Amino acid sequence: MAPWFWATHGGAELDLLVLPNGLRIGVEIKRADAPRLSASMRQALAVLDLDRLLVITPGERSYRLNEGTQVLTLAEALGSAAPRPSSTGRSATPPQSTHSGSP
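Cut-offs and rules
Every chain is numbered independently, its residues counted from 1 as its sequence is written. Per-residue local features of the predicted model are confined to residues with pLDDT of at least 70, and side-chain atom pairs are confined, for both listing and counting, to 80 or more; whole-chain, interface and lining totals are unaffected and use all residues. As a convention, hydrogens and water are excluded, and side-chain values are obtained from all of the structure's heavy atoms. Helix and strand assignments follow DSSP, with helices taken as H or I runs no shorter than four residues and strands as E runs no shorter than two, numbered in order from the N terminus. In this description, contact between two residues means that some pair of their heavy atoms is separated by no more than 4.5 Å. Nine residue types can take part in a nonpolar core, namely buried Ala, Val, Leu, Ile, Met, Phe, Trp, Tyr and Cys, and a core is a set of them joined through side-chain atoms within 4.5 Å. Think of it in three bands: with a 1.4 Å probe and only protein chains considered, a residue is buried below 20% of the maximum accessible area for its type, exposed above 50%, and partly exposed in between. pLDDT expresses how confident the predictor is about each individual residue, on a scale running from 0 to 100. By definition here, a salt bridge exists when the distance from a side-chain nitrogen of Lys or Arg to a carboxyl oxygen of Asp or Glu is within 4 Å.

### Topic: the overall build of the protein chain
Helix and strand content of the protein chain: 2 helices and 6 strands. Of the contacts formed within the protein chain by residues at least 6 apart in sequence, a portion of 43% connects residues at least 24 apart.

### Looking at the nonpolar core
Membership of the largest hydrophobic core comes to 13 residues, with the highest contact counts inside it found for Trp6, Leu14, Ala44, Leu48, Leu50 and Leu53. Where this core is concerned, the elements lending two or more residues are β2 (13–18), α1 (39–47) and β4 (52–57). With near-sequence residues (within four places) excluded, Leu14 lies in contact with Phe5, Trp6, Gly26, Val27, Glu28, Ala44, Leu48, Leu50 and Leu53. Counting 6 residues, the second largest nonpolar core, distinct from the first, contains Ile25, Val27, Leu54 and Leu72.

### Some points on the confidence of the model for the protein chain
Per-residue pLDDT for the protein chain has a mean of 83; in total, 77% of the residues score no lower than 70. Low pLDDT, under 50, characterises residues 99–103; the stretch is placed with 0 contacts to residues that sit more than four places away or in other chains.

### Considering the pattern of salt bridges
Across all of its chains, the model carries 2 salt bridges by this definition. Between Lys30 and Glu28 there is a salt bridge, and its shortest N-O distance comes to 3.1 Å. Assessed through its relative accessible area of 26%, Lys30 is described here as partly exposed. The class of Glu28 is buried, set by a relative accessible area of 2%. Its salt-bridge partner being Arg64, residue Glu67 comes within 3.4 Å of it at the nearest N-O pair.

Below, the structure is given as structure tokens:
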């Protein structure tokens with residue numbers, strides 16, 4: 001299953017497009033806890049004829065945004081891949097960038 005990024009010249013974009021078993025699933029990752037269906041999401045749903053759109057947020061609850069669009073918490077989206085707080089022994093702080101090139 002190859003992942004794709006999709007964008008239009010007009011500015012609409014989709015963070016991730018995957019095609020498992022003949023389905024078209026779009027994924028958007030948002031910082032907002034309660035995102036709304038954006039024009040970009042509506043365009044992706046229509047143009048790409050998505051079977052499902054998943055919107056992943058840092059929020060505390062998952063819910064259905066509309067027919068075919070589901071808002072998921074990050075923990076739910078990660079499922080069993082989400083480590084328990086003490087299971088890795090690593091800090092919860094993200095690693096620092098090691099990029100040393102100039103901007």
